[in-house]
Structure formats: C-alpha cells, structure tokens
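# Structure at a glance
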Amino acid sequence: MNLDFLGTLQRTGMCGELRAENAGQDVVLMGWVNRRRDHGGLIFLDLRDRSGITQVVVDEKVTAAHAKADAARPEYVVAVKGRVRRRGEGLQNPNMPTGEIEVVASELLLLNEAKTPPFSPAEDAIANEEVRLKYRYLDLRRTEMQANFALRSRVAMAIRNYLVGEGFLEIETPFMTRSTPEGARDYLVPSRIHAGSFYALPQSPQIFKQILMVSGFDRYFQIARCFRDEDLRADRQPEFTQIDLEMSFPQMDTIFRVAEGFLTAAFDAAGIQLAPPFVRMTYDEAIHNYGIDKPDMRLPAMVDLSDVLTQQLRETLKIEQGLPVLALVIPKTGRLSGTARKALQSEVRHHFGDTGLDSLDLDRLAMSPNQVFQLLAGQIVSRVHLELERFCGDEDLTDATVIVVTPKLGTPALWNYDPQWIYKRVGALRLELGAKFADKHKLFEQTHTAADFKFAWVTDFPMYEWNEETKTWDAAHHPFTSPHEDDIRAGRLTNDKGAVRALAYDVVLNGTELGSGSIRIHRKDVQAEIFRSLGMTDAEAHERFGFFLDALEYGTPPHGGIALGLDRIVMILAGATSLREVIAFPKTAKAIDLMVDAPTPVSDLQLRDLHLRIATRS
C-alpha cells in the first residue's frame, strides 16, 4: 500500500468540534478511522480524535479519495480535506454532538496503516482486562478512556489553580531519598557510585514537606508521585499520585477549609456543585455511630438502644449487661415477607457466627402477649424512627428493614467486654446489608449531583495501636503526628498509650478514605519522646531521622498538612470501578506492567555495576 506524507497540510480543528453552524466551511481533519461503511458509490468513514467523531462522506466521483477510502480500515490514520454540510432530513444522529453535519471529502490522505487490533477502540467495553493492559495504547483510544483522562487533567488543573490562589507554592521534592522504613516497604534503588548503599523511592514527601516549613515557605503543595512496595490487593497500585500540601501556623479548621476548597474546585470541574463545610465527627463518634472510621453516610447511622433495656429485660432476653445493643435500619427495602424476614434473620446470624452476637425478632416482640415486650418493641421503633427521620425525612418505617443486635449472655471471651469490638462488628453488618439491598432497591442511585457524595471529616484518631504480633505500640498514623496537648501534659505518652489522641484527621467520601493528615510535631523534645514511646532508642532515632531532629532545633514553626489520593478522586468522579481506569499506564494486581513487560531480569553487567548479586532462596 502506498502511504501519503503529511507535507505542509495542517488541520483546521478537531473532529468533535463541528456543528450545524459550521455548514459551508472548508476544513481539514485528521485522526483515526473509527468505523468504515461501504455503500458502493459512497463510503462513510467515522473519523475519530480525542475530541469526538465526525462522519466523512467520500463520493466515487472523487476518484483518488474514494480509492483510498476503499483501502482504509479501522484504526488507519488519515487526513481529510472537505466541506461541512448539514445531513439530510431523517439522517441526523441525535446521539452524536456532531450528528447534524458531515464532511464531504475532496481529498483523503492515508498517513499510516494499522494491523487488525486485538479489540476495537470503537467498542464500549472490553471484558479481558489483561488484553486491555497489554495493548494499553489501543485501550486509551476508547472514548470512555479519553473522557477519563480529560477529566483527570481538568481536576488536577482546578486543584492547582485553587491552591496557587490560596498562596501555596508548588515545590517538587526528591524521588531518590533515604530509606526510613515505616508502614509499607520501600522500593530501593541501588547506588552504583556508593557500593552497598541504596536510595529509596518516597512513600510520601512527608519529611521533605515538613523541612519546607522549617525553611519558611509557609504554604507548599505538590501533585506528587509516591511509591509503596505493599502486599498486593485487587485495586492498589505500587505507584500512585497524591495531592500533598503543608502549611505553617494552621489550626485544624484552616486545613479543613483549604481541603474543602480544592475538593469543591475539583468536583466543579466535573460539573458537581459541593456545599461545604463537610460533616465532622471524632473517631469515637464514627465508631459508635457507624462501626468504622470510614463512615458511609449514605445509610442511616446505627442506633444505640442500650438505655432502653433495663437490667431485668436484659436478664429475661439473655443479653449481656453493660454492653451496647444496636439497631440497624436499611431504608427503601419495603415490607419484607415472612419468608424474607426469616431468611434475613438467618443471614444475620450466619454473619455473626460464633461471635456471641445475636438479633432480636422485633415483630415477635411487638406481637407478644407480654405487655412489657410490646412496650419495648414500641420504644425501639420510636427510637429507630427518629434516626430514619433525621436521615431521609418523614419516611414510613414500614418501608425500611430494622435489625436489632444484642450481645448474648455468657460469652464474654469473644469480645473481651470491649464495646468497640461490638460496634465494629455490627458496623460491618450494616455495610454488608447496605450492599445487599443497594442494587435491588436503588439505595445508592447515582444522579451525579452533590446529594450522591457524603463527605465527612473524622478527627482525634488514636495516637497508638497495639501490635499483637510484636507486643508493642505502633504509631497509628505516622510518628511525626502531634498528640493532643492535654494528653502530653497528663503523661499518657508513657502511662496510658491506649488513651492518647492524635491531632490526626481523615476526609472520607461514601465510605472511602480520600486522604489523611495531621498537625505535626514541631518541637525536638516532643519528637524525641514520641520516638522513645515507640520503642526507639535515641541512637536509633538519630540513625534514622538525625537530619530531621537537627532541623527541628532551628526554629520550626507549628505546621500541619494533608494528602489526598488524586487517582481515587478521579475514579469516583468518572464513575469508574477501578483505579486502572484513571491511571494511564497502571500495573496489574500482581504489580506487573503488561505493556512494557516489567519487571524483568537485568544483565550480569548491570548487576556488577551496582555491586549486586542475585541469591536464590533454598
């Protein structure tokens, strides 16, 4: 096949831009053949670029152009010169932005041919994700993927513009730094010049952005690439992008306002108008009301009925004293049949297994000849209705499903008298039932309005978490997070670590953590005490963080910040179900790049230059 050269030809616009008012104009379009239809004397080419598709008509009277259109196949790259005209009556396509017009070709250039692709970018969906990732350059041509990355670009720009307008400076921090292992494993980079030494790729810019506050920059941000060698999960990427910021002299409210501001700008770029401020709750309130520190507020909160049940009622109903009795309410499920209620009761008991938790049959209580039980059922219904009314207005309780969960008498070893354990277990059931009824009863209908997006701030997380394996206290957030001043003054860092609250916070959307941050430690004495409280000797702390401890001695201001996952925000805005839909060149769940076939072994010469030798495990 004879291909054409582009020469000096320049396109006049994009394929998706033409409208009825452009009729009569001469245009030059370039792109890929999306589809080709041969009607004998006329050949129709759907010409595609990232802006959209325009129909091109090639008449056999234009001999040279018609011959090339006859040779063209899907994914060939072509250039078209022609005139825009309105389509005839009844031939318009209301499903295409360019559906009122077509371009009548006077000249057609074949700029490049294409092999028959393993799948067509014209397809709406391709089932085999591995094939999509192997031929990612074809997958990215699809309209859906082009839209995702146009959205990502707009969102990133909106965030950048907002933060610059708030006085933040965009500053890049190093990709190659020292390894300070915490949380996930570092990706290590061996040094050729310094034998036996390694750089690490950053899990976050945490220390560097704090150093920038020491340096007096006051407000920093970065749309930062980060790397974590984590255990594999279905939808987690080893490299990801976060919106990272830090500011000096902030109150927590200041950081919340800024984060709400750039999230509002980001969502506005997707056509969604948010209305901050977001709901705020402490970690303890989140656990007590939702059973999780990432509350999904598209479902009503759990209702604590503990004060409704007297000691005598607990004894009669065989409910453990002093532990919470919780009700779940799932709206819009309608009145369940007797068979459905029994099946649900069985499902609930299966969920709890041998945990020692059980559920009350509210209908049986209400129909009991015992007036005390009838009264109890009425009190429970009244309390649950208050929550339902708060959540979605004056909705009839008969249109909802109510589950009352109780800790059974005599099985304390299972929860060790820990109320939080019960809240969390019941919270997991709340989410499970929500997911069960979601599709069938349209609990989470997506109208792409602000009402779909339930944001919350969760604050006052525990400073430490107990590591049962090592029998030590670990930092729940990271060791640069400041404890509450009251807890420092009360000596809890040494005497009662489990009660220490961190000045840490998460922003949550529809049950997904979008990001987390904290007010940082800005005094060396407090930072050293935190390291010691984590079992680190002063020598170990200096070995790992000496440069940072030194910096704290040179007038470090109070500071704090936050980091939010850009990939996840765009995924939610795009309505995608996987991060791989909004990351241009992602890895698989096994951390493999199928397109470039990475990771791969390297040559002995490369290993020798890096002073490395591969040792096989026995």
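Residues numbered from 1 in each chain as written. Predicted model: local features only at pLDDT ≥ 70, side-chain atom pairs only at ≥ 80, totals over all residues. Heavy atoms only, no water.

### Describing the sheet that holds strand β12 (residues 303-304)
Paired through backbone hydrogen bonds, the strands of a sheet run either parallel or antiparallel to each other. The strand order across the open sheet built from four strands is β12-β13-β15-β14, with neighbouring strands paired in antiparallel fashion. Bordering the open sheet on either side are β12 and β14 (357-360), each of which pairs with just one other strand. In this structure, β14 lies alongside strand β15 (residues 401-407), joined through four bridges in antiparallel fashion. Residue pairing for β15: Ser359 is matched across the bridge by Val405. Packed onto the sheet, helix α9 (residues 338-352) meets β14 and β15 and runs at close to 160° relative to β14. (Pairing = 2+ DSSP bridges. Helix = DSSP H or I, 4+ residues; strand = E, 2+ residues; numbered from the N terminus. Contact = heavy atoms within 4.5 Å. Axes fitted to C-alpha atoms, helices over the stretch in contact; angles between N-to-C directions.)

### Some details on the environment of Pro277
The residue Pro277 is located in the loop between α6 (252-269) and β11 (279-282) in this model. Given the relative accessible area of 62%, Pro277 is considered exposed. Along the sequence, Pro277 and Glu260 sit 17 residues apart, while their C-alpha atoms lie 7.0 Å from each other. (Buried < 20%, exposed > 50% of the residue type's maximum accessible area, 1.4 Å probe, protein only.)

### Focus on the pattern of salt bridges
Summed over the entire model, instances satisfying the criterion amount to 41 salt bridges. Put simply, Glu75 and Arg141 hold a salt bridge, and the shortest N to O gap is 2.7 Å. With Glu75 in the loop between α1 (63-71) and β4 (77-86) and Arg141 in the loop between α3 (136-139) and α4 (143-165), the pair connects residues that are 66 residues apart, well separated along the chain. On the basis of relative accessible area, Arg141 is assigned to the partly exposed category, the value being 22%. Measuring nitrogen to oxygen at the nearest pair gives 2.8 Å for the salt bridge that ties Arg520 to Glu246. Here Arg520 is found in the loop between β20 (512-519) and α15 (524-533), whereas its partner Glu246 is found in strand β10 (residues 239-248), with 274 residues between them in sequence. Accessibility classification places Arg520 together with Glu246 in one group, the buried group. Through salt bridges with shared partners, a single ionic network connects Arg132, Arg136, Asp139, Arg142, Glu144 and Glu581. (Salt bridge = Lys/Arg side-chain N within 4 Å of Asp/Glu carboxyl O.)

### What to know about helix α17 (residues 566-574)
Here α17 lies mainly inside the structure; seven of its nine residues are buried. Taken together, the buried positions of α17 are Leu566, Asp567, Ile569, Val570, Met571, Ile572 and Leu573. Gly575 occupies a position one or two residues after α17 and carries a positive phi of about 70°.

### Side note on a nonpolar patch on the surface
On the surface, a nonpolar cluster with roughly 290 Å² of combined accessible area is contributed by Phe175, Met176 and Tyr199. Structurally, Tyr199 is set in strand β8 (residues 198-201). (Patch = residues over 30% accessible without salt bridge, like charges linked within 9 Å, V, L, I, M, F, W, Y side chains within 5 Å. Areas by Shrake-Rupley, 256 points an atom, 1.4 Å probe, with all protein chains shown as cover.)

### Points about the side chain of Thr401
Mapped onto the secondary structure, Thr401 falls in strand β15. There is a polar contact of 2.6 Å between the side chain of Thr401 and the side chain of Thr333. Once you skip the residues sitting within four places of it in the chain, Thr401 turns out to touch Leu328, Val329, Ile330, Thr333, Gly334, Leu336, Leu344 and Phe437. (Polar contact = N/O pair within 3.5 Å; in protein donor to acceptor, adjacent residues only side chain to side chain.)

### Brief notes about the packing of aromatic side chains
By the definition in use, this model includes 14 aromatic pairs. Taken together, a centroid distance of 5.2 Å and an interplanar angle of 80° make the contact between Phe267 and Phe453 edge-to-face. Of this pair, Phe267 sits in helix α6 while Phe453 sits in the loop between α12 (419-441) and β16 (455-459), and the two are 186 residues apart along the sequence. Under the relative-accessibility criterion, Phe267 is labelled buried at 1%. Taking 5.4 Å as the distance between ring centres and 85° as the angle between the ring planes, the aromatic pair formed by Phe480 and Phe545 counts as edge-to-face. Taken together, the residues Phe480 in the loop between β18 (472-475) and α13 (485-489) and Phe545 in helix α16 (residues 538-551) connect sequence positions 65 residues apart. (Phe/Tyr/Trp six-rings, centres within 6.5 Å; stacked < 30°, edge-to-face > 60°.)

### Description of the sheet that holds strand β21 (residues 559-565)
Strand order across the open sheet formed by eight strands is β6-β9-β10-β21-β20-β19-β16-β11, with mixed pairing between neighbours. Since the sheet does not close on itself, it has two edges, and those belong to β6 (169-170) and β11, each with one partner. Examined bridge by bridge, β10 and β21 share seven bridges and lie antiparallel to one another. Counted as the bridge partner of Gln242 is Gly565 from β21. Helix-sheet contacts for helix α5 (residues 206-214) involve β9 (219-227), β10 and β21, and the interaxial angle to β10 is about 25°.

### Observations concerning the packing of α5 against α16
Where α5 contacts α16, the two axes come as close as 10 Å, and the packing angle between them is 20°. Between α5 and α16, the angle is such that the two are roughly parallel. In the crossing of α5 with α16, the sense of the turn from one axis to the other is left-handed. Counting all contacts with α5, which are made through Ile207, Gln210, Ile211 and Val214, the residues of α16 involved are Phe545, Phe547, Phe548 and Ala551. (Parallel < 35°, antiparallel > 145°, perpendicular 65-115°, else oblique. Left-handed = near helix turned anticlockwise from the far one by under 90°.)

### So, the side chain of Thr173
Note that Thr173 resides in the loop between β6 and β7 (187-190). With a relative accessible area of 14%, Thr173 lands in the buried category.

### A closer look at the pairing of strand β3 (residues 52-59)
As defined by bridge partners, strand β2 (residues 42-49) adjoins β3 across eight bridges and the pair is classed as antiparallel. Each bridged residue has a counterpart across the sheet, and for Phe44 the counterpart in β3 is Val57. Hairpin connection of β2 to β3: two residues between the antiparallel strands. Where β3 lies against strand β5 (residues 101-112), two bridges are found, and the strand directions are parallel. What sits directly across from Val56, in β5, is Val103.

### Let's talk about unusual backbone geometry
In this structure, Pro277 follows Pro276 across a cis peptide bond, with omega equal to 5°. Note that the residue after Ala598, namely Pro599, is joined by a cis bond; omega there is 5°. Within the element layout of this structure, Pro599 appears in the loop between α17 and α18 (604-609). One non-glycine residue, Lys471, lies in the positive phi region at around 55°. Mapped onto the elements of the fold, Lys471 is located in the loop between β17 (464-467) and β18. Among the residues examined, Lys471 registers a relative accessible area of 48% and is labelled partly exposed.

That's the geometry; what it means functionally is another story.
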